[in-house]
Amino acid sequence: MGRYKEMLKGTGKVFRFSLIQQLKSKVNMAVFVLMLVLSAAAVPFMALQTGRTSVHASAVKQVYLENDTAYPLDLQLAGTLNPSFQDTAFQMADFSVEEYPQRLPEDGVLAVICAKEGGYGIDLYMQEDSGLDMEDTEALEQLLAQLFWQARVSSAKASAEQIALLGAGVETDIVTEEEYRNPRETDWQTQFALQYAYAIIVMILCLITASYVVRAIAEEKSSRLVELLMVSVRPLAMLAGKVLAMMVYILLMIGSMLAGAGLSWMITGRFLDLSGLNLGALFGLNPGELHLGMGLVWIMVICILLGYLTFSMTAGLAGCCCATMDDVEWANMKVVLLVMAGYLVSCISGAVVSGWGCTAVSLLPLISVFCAPVQYAMGNISLGVLGLSWILQAAVIAGLAIFSARVYNDLIIYRGSRVGLRQLAGMAGKKGGIRR
């Protein structure tokens, strides 16, 4: 333990130096600001795409209702069913239709609900110079239709669940005999949707970080700055400090993007209707079918950090293998292929894997970071299997760190063609590969 502690000595120094360099870069700051602006603009853009652009109070300020049916309406539900009518006063009319030109204010509407041939109808009366547009009157007509429908259903003594079922769609499901006799707690569509959503988050995070790590290490190697730093810093500390600095920089970027999106959500909510934005529905998720507590959130965070660190260490090693800056894309592609392999396997497993296959994809390094938390959330693996997957992934990270430390000295001074796996194995196998 003392030996490895000595190898990591100086990590903090490299970390601070690398992070400050990234924060001082004008290009990085430009990207930082651009991502912040895009994340903030995404909320109003998506709100406009839903078509629900009216959250301002309706121009109709007073509604007088004449109900000529046997179904009493619950007018207190009006503001709940349509938020734009929260400031509108609803009351029963105390005047007839013939009197409305004299009694109705300019921003008021007289609504008459009555029986007609073949059903019921809603008639709206307003002043000729009221200034109310078609959007306001159509919204009011739809709201009254909803209230009347609920009144008719309630009169039949139906419960809230029964009322919801009346408006629900019909779903069909085809299952095999084995699936019928041994049903799963959650259907495969929900599992695939959750796996897909989680895998995308891990993939994007790892790809962004990997590209930054590869380029940062390759640039320092080409500038020979790293050779000066290694006079007083161990190879493992050098690599660990650089990787951690890039990870923190990306986390700061993502954190600022989330903060920008959150602030944009609060501001946009004052002008646009955000009720149509449902990210769960975007991925086909139904939160009611899942048990997403804080425990599972922490499990996902741990798995993401393990994968984050794994692919960052791999990217650091790939960056050291670059002989020139022209090799950066080549090195970055190697890491991209590893990340995409884990992502694709996880997406496939989310739809077709069951039984022992769930345990297998949860334990395989590089794949478990994409699959393990979802398999645990679905109840396909136990907490013990999840813990074992963490141990295996941590072992892979430690192995990558030790291997990188053995070859880092030689890679830094190497100026030939691209370094292949055979050359890396030869460098690692040299006696004294880790500088003491």
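Residues numbered from 1 in each chain as written. Predicted model: local features only at pLDDT ≥ 70, side-chain atom pairs only at ≥ 80, totals over all residues. Heavy atoms only, no water.

**Q** Looking at this structure, I do not really get the overall build of the chain. What am I missing?
**A** Per the secondary structure count, the chain includes 18 helices and four strands. Relative to its full complement of 436 residues, the chain shows a buried share of 41%. Of the contacts made within the chain by residues no fewer than 6 positions apart, 78% connect residues no fewer than 24 positions apart. (Helix = DSSP H or I, 4+ residues; strand = E, 2+ residues; numbered from the N terminus. Buried < 20%, exposed > 50% of the residue type's maximum accessible area, 1.4 Å probe, protein only. Contact = heavy atoms within 4.5 Å.)

**Q** It is not clear to me how the sheet that holds strand S1 (residues 62-67) should be interpreted in this structure. Could you clarify?
**A** In sheet architecture, strand pairing relies on hydrogen bonds along the backbone and comes in two forms, parallel and antiparallel. With mixed pairing, four strands are arranged side by side in an open sheet as S2-S1-S3-S4. Of all the strands in the sheet, the pair left with one neighbour each is strand S2 (89-92) and strand S4 (119-125). The mean inter-strand angle of the sheet, taken between neighbouring strand axes irrespective of direction, is 25 degrees. Summarising the sheet, S1 and strand S3 (residues 108-116) pair through six bridges and their orientation is parallel. Residue pairing for S3: Val-63 is matched across the bridge by Val-109. Together, S1, S2, S3 and S4 form the strand contacts of helix H6 (residues 134-155), whose direction differs from that of S4 by roughly 145 degrees. (Pairing = 2+ DSSP bridges. Axes fitted to C-alpha atoms, helices over the stretch in contact; angles between N-to-C directions.)

**Q** Please explain a nonpolar patch on the surface as it appears in this structure.
**A** A cluster of nonpolar side chains, namely Val-297, Trp-298, Val-301 and Leu-305, defines an oily patch on the protein surface of about 360 Å² accessible area. One can find Trp-298 in helix H13 (residues 294-320). The class of Trp-298 is exposed, set by a relative accessible area of 54%. (Patch = residues over 30% accessible without salt bridge, like charges linked within 9 Å, V, L, I, M, F, W, Y side chains within 5 Å. Areas by Shrake-Rupley, 256 points an atom, 1.4 Å probe, with all protein chains shown as cover. Salt bridge = Lys/Arg side-chain N within 4 Å of Asp/Glu carboxyl O.)

**Q** Help me out: how do you make sense of the environment of Ser-349 in this one?
**A** Inspection of the secondary structure assignment puts Ser-349 in helix H14 (residues 328-352). On the basis of relative accessible area, Ser-349 is assigned to the buried category, the value being 1%. Between the C-alpha atom of Ser-349 and that of Cys-371, which follows or precedes it by 22 residues, the distance is 8.1 Å. Apart from residues no more than four positions distant in its own chain, Ser-349 is found in contact with Gln-191, Gln-195, Val-361 and Cys-371.

**Q** Hey, could you run me through the environment of Thr-69 in this one?
**A** Along the polypeptide, Thr-69 turns up in the loop between S1 and helix H4 (78-81). The spacing of Thr-69 and Val-112 is 43 residues in sequence and 9.8 Å in space, taken between C-alpha atoms.

**Q** Would you mind showing me how to read the state of the cysteines here?
**A** Where two cysteines share a covalent bond between their sulfur atoms, that bond is called a disulfide. What the rule picks out here adds up to zero disulfides. No disulfide involves Cys-371; its sulfur sits 8.6 Å from that of Cys-347, the nearest cysteine. Overall, the relative accessible area of 0% leaves Cys-371 in the buried class. (Disulfide = S-S within 2.5 Å.)

**Q** Which parts of the structure should I look at to understand the nonpolar core?
**A** General note: in soluble globular proteins, nonpolar side chains tend to be found buried as a group. Membership of the largest hydrophobic core comes to 73 residues, with the highest contact counts inside it found for Tyr-198, Tyr-249, Val-339, Tyr-343, Phe-370 and Leu-411. The leading source of residues in this core is helix H9 (residues 188-223), at 15 residues. Contact partners of Tyr-343, with chain neighbours within four places excluded, come to Tyr-196, Ala-199, Ile-200, Met-203 and Phe-370. Of all hydrophobic cores here, the second largest spans 20 residues; its members include Leu-75, Ala-78, Phe-85 and Ala-151. (Core = buried A, V, L, I, M, F, W, Y, C linked by side-chain atoms within 4.5 Å.)

**Q** Would you mind showing me how to read the pairing of S1 here?
**A** Regular strands have side chains that alternate between both faces of the sheet. The buried fraction of S1 is high, at five of six residues. Note: S1 against S2, four bridges, orientation parallel. From the neighbouring strand, Leu-65 faces S2, where its bridge partner is Met-92.

**Q** Explanation requested: the pattern of salt bridges in the structure shown.
**A** Side chains that differ in charge, positive against negative, can pair when their charged atoms come close. If you walk through the whole model with that rule in mind, you get three salt bridges. Here Asp-123 ties to Lys-116 by a salt bridge, and the two come within 3.0 Å at their closest N and O atoms. Residue classification places Asp-123 among the partly exposed positions, given a relative accessible area of 23%. Using a relative accessible area of 41% as the deciding quantity, one classes Lys-116 as partly exposed.

**Q** Honestly, the packing of aromatic side chains in this entry has me stumped. Any pointers?
**A** Aromatic ring pairs: the centre-centre distance and the angle between the two ring planes describe each pair. Counted by the stated rule, this structure contains nine aromatic pairs. Between Tyr-120 and Phe-148 the ring centres are 5.0 Å apart and the planes differ by 65 degrees, which places this aromatic pair in the edge-to-face class. Remark: Phe-148 occurs in helix H6 and Tyr-120 occurs in strand S4; sequence separation between them is 28 residues. Residue classification places Phe-148 among the buried positions, given a relative accessible area of 7%. Through a chain of ring-to-ring contacts, the aromatic side chains of Phe-32, Tyr-212 and Tyr-249 assemble into a single cluster. (Phe/Tyr/Trp six-rings, centres within 6.5 Å; stacked < 30°, edge-to-face > 60°.)

**Q** I tried to follow a negative patch on the surface on my own but got confused; where do I start?
**A** A contiguous patch of negative charge on the surface is contributed by Glu-106, Asp-107, Glu-128 and Asp-129. Note on placement: Glu-106 falls in the loop between helix H5 (100-103) and S3. (Lys, Arg positive; Asp, Glu negative; His and termini not counted. Charge placed at Lys NZ, Arg CZ, Asp CG, Glu CD.)

**Q** Would you take a moment to explain helix H15 (residues 356-363) for this structure?
**A** Counting along an α-helix, one turn takes 3.6 residues, and residues three or four places apart therefore face a common direction. Buried residues of H15: Gly-357, Cys-358, Val-361 and Ser-362, and no others. Looking straight down H15, one finds its buried side chains confined to an arc of 135 degrees; they lie on one side. (Arc of directions from axis to C-beta.)

**Q** It is not clear to me how helix H16 (residues 368-377) should be interpreted in this structure. Could you clarify?
**A** The buried fraction of H16 is high, at eight of 10 residues. Ser-368, Val-369, Phe-370, Cys-371, Ala-372, Pro-373, Val-374 and Gln-375 are the residues of H16 that are buried. Gly-379 lies just past H16 and shows a positive phi near 80 degrees.

**Q** Is there a simple way to explain the confidence of the model for the chain in this structure?
**A** Close inspection of predicted coordinates is inappropriate for parts of the model with low pLDDT. For the chain, per-residue confidence averages 77 on the pLDDT scale, and residues scoring 70 or more make up 74% of the total. Within the chain, helix H12 (residues 279-282) has the poorest average pLDDT of any element, 49, and S1 the best, 91. For residues 280-285, every residue scores under 50 in pLDDT, and the model assigns this stretch 11 contacts once sequence neighbours within four places are set aside. Ignoring residues within four places in sequence, the model shows residues 431-436, a span with pLDDT below 50, making 14 contacts including any to other chains. (pLDDT = per-residue confidence, 0-100.)

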